[in-house]
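The primary structure of each chain is shown beneath.
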Amino acid sequence: MILRMLLTGTTLLLLTLVASVGAAGASGPKGIPITGLENVRAYAAAAQVDGRSYAVDGGRLYGGINGAWEPLPAPHGVIVNAVAVDRADSDIVYIGAANRHSVYVSRNGGRGWKEFSLDSEAIGGVTAVAFDAFNRLLYVGTVSDGVYRLRDIGAGPGQGLVASGHLLLEEPVLEIAVDSTGTGLAFVRTTEKLYRAEAYGLRWLVVDDLPGPPTAVAVSDSSAPRVYVGTAGGGVLVSEDGAAWRAVNQGLNYVNDGKLVISDVVVDPAQPEVLYAATGLSDGEGLEGFSGRVAVSADGGSQWEILAALENAQVAELLPVTGRSGLVYALTTASRTPVAVGEVALLVMQEADGLPGRGLRSPGLLAWILAGHASAALIILGVSELRGGYRRRAGTAYGLRTVEAA
C-alpha cells in the first residue's frame, strides 16, 4: 500500500512537472535568439537584469529580453544606425537615423516614435547616441556635424527633446559614453581624438595625454563613476574625472614597449565592477599575435583574466549580457554576427571561429525526460497492482489471511 502511494504521488508530481515545463516552453519569449542577429551595428544593453536590451541589425531595430529578440517597428523610411536606452526606464529608447539628421524617442518600448530634427544641412546621418538618465541629456553624434546636446523634458503636451548645445567637429563621431549617476561625465571619441565634457556638455576639452590613439571608451556607473579608455599602444586606462589617467593592464599580457592594442572596452550595466576588453598586439603596422583575445575583470580593471581566444578572428566590438559575469558576445572584423565568448548562455549558439554551438536547444527536452519517468512509474504501479491482486486471490483460496502493515 505504501509503495502504491509513493508511486502514485511520484507519478502525479512528474506529470505536473511535465505540464508546467510544456506550458513554459509554449509561453516562453518568442523572437530571434541573439545568434539569429546577423549584422549588428549598434547595441544597448539592458540597465537591469532581465531587462530589455536593444540591437540594430541590418538597419532595423530589435528588442530582446534574455536573448530572445523581436523586431520593433521603426519610423517609416528610417534606416536605424544607433540606439541608446534610458537606464531608469528600459521602455524609453532613443534611435538615430543613418539616412537623415534626426533622432527619435519612444516611451513605450519601441512601439511608437517622436522625431526630433537636428536642423542641419550637413550630409550624412547619426552615428552614435548616449543618454544621461540622471540629468536627462541625450548626446547625438553625427558623420559630419559633430555632437548635439539635447534635453529630454518629458512626454507631456509640448514636451520632448529640446536642443541645448552643439560641438562642431571635422571628423565622424564613432562613440559616446556618459555617466548616469549625476556627475555629468561625458566623452566623445573620433578616429584620432577623445573629447571630455565640462559643465554637463556645454563645453568640451581634448584629452591629449593618452599613450596612443583612443580605440574605445566606456563609463562605469559605480558609486564613484569611472571612465575607461582603450588605446592603440597603451592598453586600458582608467580615470575618475577624465583628466588624470592610469594604466590597468595586469593580466592582459602587457608588453613594456607599449604595443598592447585594445579593440573595445565595455562595462556590465548591472555590475559596474565587471568589464570586458578585446585585446591585440601591434608591430607598428598592424595587429598580430593574440588579436582575438577577450578578457574580463571583476574588480574594475585591477586584475584581468583571459576568457577566450578566437583563432582566426580579430574582435571588433563586445556586447555585454547584463548581470551575467563571464558572458559576453563578440563581433569580429570579418563578421557582425554575435559569437558567444565565456560562459555559454541557454541559447542555440552558432558555430563560429572555433567556438562550438552549445546550449539547451529545445525547452521540451526536459518535458520528454520527465514524461519517460512518469510512464515508467505507471508501468511499475500497474505490475504491482496485478501482483497484489494475485496474492489476494491466492490467500483466499488457501484460507490464508493477509495483513497490511500499519
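Everything quoted here is computed from the prediction, not taken from an experiment.

### Looking at the pairing of strand β19 (residues 226-233)
Two faces, one strand: in a regular strand the side chains alternate between the faces of the sheet.
Inference 1: Counting buried residues in β19 gives 7 out of 8 residues, a clear majority hidden from the surface.
Inference 2: Between strand β18 (residues 214-220) and β19, which pair antiparallel one after the other, the connecting turn spans 5 residues.
Inference 3: Hairpin connection between β19 and strand β20 (residues 236-239): a loop of 2 residues separates the two successive antiparallel strands, and Gly 235 in this loop has a positive phi of roughly 75 degrees.

### Description of the sheet that holds strand β10 (residues 126-132)
Inference 1: Read across the sheet, 4 strands follow the order β10-β11-β12-β13 without closing on themselves; strand pairing throughout is antiparallel. Whereas interior strands pair on both sides, the edge strands pair on one side only; in this sheet they are β10 and β13 (161-167). When strand polarity is set aside, the average angle formed by the axes of neighbouring strands in this sheet is 20 degrees.
Inference 2: Note that strand β12 (residues 147-152) and β13 share 5 bridges and pair antiparallel. Looking across to β13, one finds that Asp 152 is bridged to Leu 161.

### Focus: the pattern of salt bridges
Inference 1: Counted by the stated rule, this structure contains 10 salt bridges.
Inference 2: Among the ionic pairs, Glu 198 bridges to Arg 196, the shortest N-O distance being 3.7 Å.
Inference 3: Take Glu 198: its relative accessible area is 26%, and that puts it in the partly exposed class.
Inference 4: For Arg 196, a relative accessible area of 16% corresponds to the buried category.
Inference 5: Notably, a salt bridge pairs Glu 198 with Arg 203, separated by 3.7 Å at the nearest N-O pair.
Inference 6: Through salt bridges that share partners, Arg 52, Glu 70 and Arg 111 make up one connected network.

### Topic: unusual backbone geometry
Inference 1: We note that Asp 50 has phi near 65 degrees; this positive angle belongs to a residue other than glycine.
Inference 2: When you line up the elements, Asp 50 lands in the loop between β2 (40-44) and β3 (52-57).
Inference 3: Positive phi values are uncommon outside glycine, yet Tyr 200 reaches one of about 55 degrees.
Inference 4: With respect to the helices and strands, Tyr 200 occurs in the loop between β16 (194-198) and β17 (203-206).
Inference 5: On the accessibility criterion, Tyr 200 (39% relative accessible area) is partly exposed.

### Observations regarding the environment of Val 227
Inference 1: Mapped onto the elements, Val 227 comes out in strand β19.
Inference 2: Measuring from C-alpha to C-alpha, the distance between Val 227 and Trp 245 comes to 9.4 Å, with 18 residues separating the pair along the chain.

### Observations concerning the sheet that holds strand β15 (residues 186-189)
Inference 1: Taken together, the 4 strands give an open sheet; going across it, the order is β14-β15-β16-β17, and neighbouring strands pair in antiparallel fashion. The open sheet terminates on both sides in strands that have one partner only, identified here as β14 (175-178) and β17. Put simply, the sheet's adjacent strands are angled 25 degrees from each other on average, direction ignored.
Inference 2: Both β15 and β16 contribute to a ladder of 3 bridges, which runs antiparallel. Along β16, the bridge assignment pairs Arg 189 with Leu 194.

### What to know about the packing of aromatic side chains
Inference 1: Going through the model one piece at a time under the given rule, you end up with 3 aromatic pairs.
Inference 2: Between the aromatic rings of Tyr 43 and Trp 69, the centroid separation amounts to 6.5 Å while the plane-to-plane angle is 55 degrees, which identifies the pairing as tilted. Linking Tyr 43 in strand β2 with Trp 69 in strand β5 (residues 68-72), this pair joins segments that are 26 residues apart in sequence.
Inference 3: Tyr 43 sits in the buried class, given a relative accessible area of 18%.
Inference 4: Its relative accessible area of 2% is what places Trp 69 among the buried residues.
Inference 5: Pairing Tyr 139 with Trp 204 gives two aromatic rings, centres 5.9 Å apart and planes at 90 degrees, and the pair type is edge-to-face. Within this pair, whereas Tyr 139 is found in strand β11 (residues 137-142), its partner Trp 204 is found in strand β17, the two being separated by 65 residues in sequence.

### Quick word on the environment of Ala 298
Inference 1: With respect to the helices, strands and loops of the structure, Ala 298 is situated in the loop between β24 (287-297) and β25 (305-309).
Inference 2: Spatially, the C-alpha atoms of Ala 298 and Pro 272 are 8.9 Å apart, while their sequence positions differ by 26 residues.
Inference 3: Among all residues touching Ala 298, those that are not within four sequence positions of it are Glu 273, Val 274 and Gln 303.

### Some words on the nonpolar core
Inference 1: Counting residues in hydrophobic clusters, the biggest one holds 17 residues, and the most contacted among them are Val 103, Val 129, Leu 138, Val 140, Leu 150 and Leu 161.
Inference 2: Going through the elements one at a time, β6 (80-86), β7 (89-97), β8 (102-106), β10, β11 and β12 are the ones with two or more residues in this core.
Inference 3: For this core, the leading source of residues is β10, giving 3 residues.
Inference 4: Other than its neighbours up to four places away in sequence, Val 103 contacts Ile 95, Gly 96, Lys 114, Glu 115, Phe 116, Val 126, Val 129, Leu 138, Val 140, Leu 150 and Leu 161.

### Looking at the environment of Asp 50
Inference 1: The spatial distance from the C-alpha of Asp 50 to the C-alpha of Gly 67 is 9.6 Å, given a sequence separation of 17 residues.
Inference 2: Excluding anything up to four places from it in sequence, Asp 50 contacts Ile 65 and Asn 66.
Inference 3: At 3.2 Å, the side chain of Asp 50 and the side chain of Asn 66 are in polar contact.

### Let's talk about the pairing of strand β27 (residues 327-332)
Inference 1: Burial of β27 is extensive: 6 of the 6 residues sit out of reach of the surface.
Inference 2: Taken together, the 5 bridges between strand β26 (residues 315-320) and β27 define a ladder with antiparallel strand orientation. Bridge pairing links Glu 317 to Leu 331 in β27.
Inference 3: Counted along the chain from β26 to the antiparallel partner β27, the turn is 6 residues long, and its residue Gly 323 has a positive phi close to 80 degrees.
Inference 4: As judged from the 4 bridges shared by β27 and strand β28 (residues 339-342), these two strands associate in the antiparallel manner. For Tyr 329, the partnering residue across the bridge sits in β28 and is Ala 340.
Inference 5: Counted along the chain from β27 to the antiparallel partner β28, the turn is 6 residues long.

The rules we used
Residues numbered from 1 in each chain as written. Predicted model: local features only at pLDDT ≥ 70, side-chain atom pairs only at ≥ 80, totals over all residues. Heavy atoms only, no water. Buried < 20%, exposed > 50% of the residue type's maximum accessible area, 1.4 Å probe, protein only. Helix = DSSP H or I, 4+ residues; strand = E, 2+ residues; numbered from the N terminus. Pairing = 2+ DSSP bridges. Axes fitted to C-alpha atoms, helices over the stretch in contact; angles between N-to-C directions. Salt bridge = Lys/Arg side-chain N within 4 Å of Asp/Glu carboxyl O. Phe/Tyr/Trp six-rings, centres within 6.5 Å; stacked < 30°, edge-to-face > 60°. Contact = heavy atoms within 4.5 Å. Core = buried A, V, L, I, M, F, W, Y, C linked by side-chain atoms within 4.5 Å. Polar contact = N/O pair within 3.5 Å; in protein donor to acceptor, adjacent residues only side chain to side chain.

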